[in-house]
Amino acid sequence: MKTALSIAGSDSCGGAGIQADIKTMTSNGVYAMSVITALTAQNTTGVRSISEVSAEFLKEQLDAVFEDIFPDAVKIGMVSSSELINVIAERLKYYNAENIVLDPVMVSTSGSALMKTDAVKTMIDKLFPIATIITPNIPEAEVLSGMKIKNKEDIESAAKIIAKNYNCAVLLKGGHSVDDANDLLYLNHKCHYIKGKRINNPNTHGTGCTLSSAIAANLAKGFDLTESVKRAKDYISGALSYMLDLGKGSGPINHAFNLYGEFVE
């Protein structure tokens, strides 16, 4: 069985972070492992508190995983400080980790800031160079590209800037766009649109975590990057279409909508 590792924060209400990643990886047919960067007290209405793990304990977690069950793919989510980012980068390079999917989580679905300002630069300097693909949403892509994104042409320009500056593939997610739900995969100096249908579901807690984890799971199974993104997009569309409605805010999606179906193959 193929394996995938999530390096991310814990979500106490189960819809995002480590919990979403484990559900997603399992539903996509790989054995899921986790390295926790922080504990969060949060629910569908927002993040109340964040408690980081120590750099030493983070390193111990990473070593414990890589020395025993070497992951076929790695997903990196919420890492809120430069110190922790440096540990992750050093350990992943030490173990020559492959198929690294980086979700540059800067702000939660509910609008809560999850990353300290100096950590953004450290993430760009240390994690982007080793990432197979990064998966920013439009607000994150605006930060990374230094430009406002208002239309399709802006999306393409921003993706090109990010890919050129940081030398990695970019999946610019269109979920914040007003006109469609298509994502732009910028790979090998070309734009590839990954089509999606807009699903009228206000419950989108953890969608970014879910998409990046599904990409990692498919890379672990041996699919190429384009096919991994397409399969991940189909999976998250199905999970959103289930219309799960939990919580008082932006609720979670149903990761287990098709446990024994096409996505585990």
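Structural data are supplied above this passage.
Now for a quick tour of the structure. (Residues numbered from 1 in each chain as written. Predicted model: local features only at pLDDT ≥ 70, side-chain atom pairs only at ≥ 80, totals over all residues. Heavy atoms only, no water.)

1. As for the pairing of strand 3 (residues 46-52)
- Pairing of strand 2 (residues 31-43) with strand 3 involves six bridges; the strand directions are antiparallel. When the sheet's bridge partners are listed, A38 is paired in strand 3 with E52.
- In this structure, the hairpin formed by strand 2 and strand 3 is closed by a connection of two residues. (Pairing = 2+ DSSP bridges. Helix = DSSP H or I, 4+ residues; strand = E, 2+ residues; numbered from the N terminus.)

2. A look at the packing of helix 2 (residues 55-66) against helix 3 (residues 82-94)
- Between helix 2 and helix 3, whose axes approach to 9 Å, the crossing angle comes to 25°. Put simply, helix 2 runs roughly parallel to helix 3. Helix 3 is crossed by helix 2, and the crossing has right-handed handedness. Across the interface between the two elements, A55, L58, K59, L62, D63 and F66 from helix 2 touch E83, L84, V87, I88, R91 and L92 from helix 3.
- Class assignment for the residues of the contact of helix 2 with helix 3 results in eight nonpolar, no polar and four charged. (Axes fitted to C-alpha atoms, helices over the stretch in contact; angles between N-to-C directions. Parallel < 35°, antiparallel > 145°, perpendicular 65-115°, else oblique. Left-handed = near helix turned anticlockwise from the far one by under 90°. Contact = heavy atoms within 4.5 Å. Nonpolar A, V, L, I, M, F, W, Y, C, P; charged D, E, K, R; others polar.)

3. Regarding helix 8 (residues 225-241)
- Here helix 8 is 17 residues long and its end C-alpha atoms lie 24 Å apart, about the 24 Å a rise of 1.5 Å per residue gives.
- Counting buried positions along helix 8 gives 12 out of 17 residues, so the element sits mostly inside the fold.
- Along helix 8, the residues that are buried comprise L225, S228, V229, R231, A232, K233, Y235, I236, S237, G238, A239 and L240.
- Looking at the buried positions of helix 8, the neighbouring elements they touch are helix 1 (17-27), strand 6 (133-134), strand 7 (169-172), strand 8 (183-187), strand 9 (190-194) and helix 7 (207-220).
- Directly after helix 8, the chain includes M243, whose backbone phi takes a positive value near 60°. (Expected span 1.5 Å × (residues − 1). Buried < 20%, exposed > 50% of the residue type's maximum accessible area, 1.4 Å probe, protein only.)

4. Focus: the packing of aromatic side chains
- Per the stated rule, a full pass over the model turns up four aromatic pairs.
- Between F66 and Y95, the aromatic rings sit 4.8 Å apart at their centres with planes inclined by 10°, giving stacked as the arrangement. Residue F66 is found in helix 2, and its partner Y95 is found in the loop between helix 3 and strand 5 (100-102); the two are separated by 29 residues along the sequence.
- Note on F66: relative accessible area 4%, which makes it buried.
- Note on Y94 and Y95: the rings are 4.9 Å apart at their centroids and 90° apart in plane angle, and the pair reads as edge-to-face.
- You can call Y95 buried: its relative accessible area is 14%.
- In textbook terms, an aromatic cluster arises when at least three aromatic residues are bridged by ring pairs, as seen for F66, F70, Y94 and Y95.
- In this structure, R91 is placed above the aromatic ring of Y94, and the distance from its NZ or CZ to the ring centre is 4.3 Å.
- Over the ring of Y193 we find K152; its NZ or CZ atom is 4.9 Å from the centre of that ring. (Phe/Tyr/Trp six-rings, centres within 6.5 Å; stacked < 30°, edge-to-face > 60°. Lys NZ or Arg CZ within 6 Å of the ring centre and 35° of its normal.)

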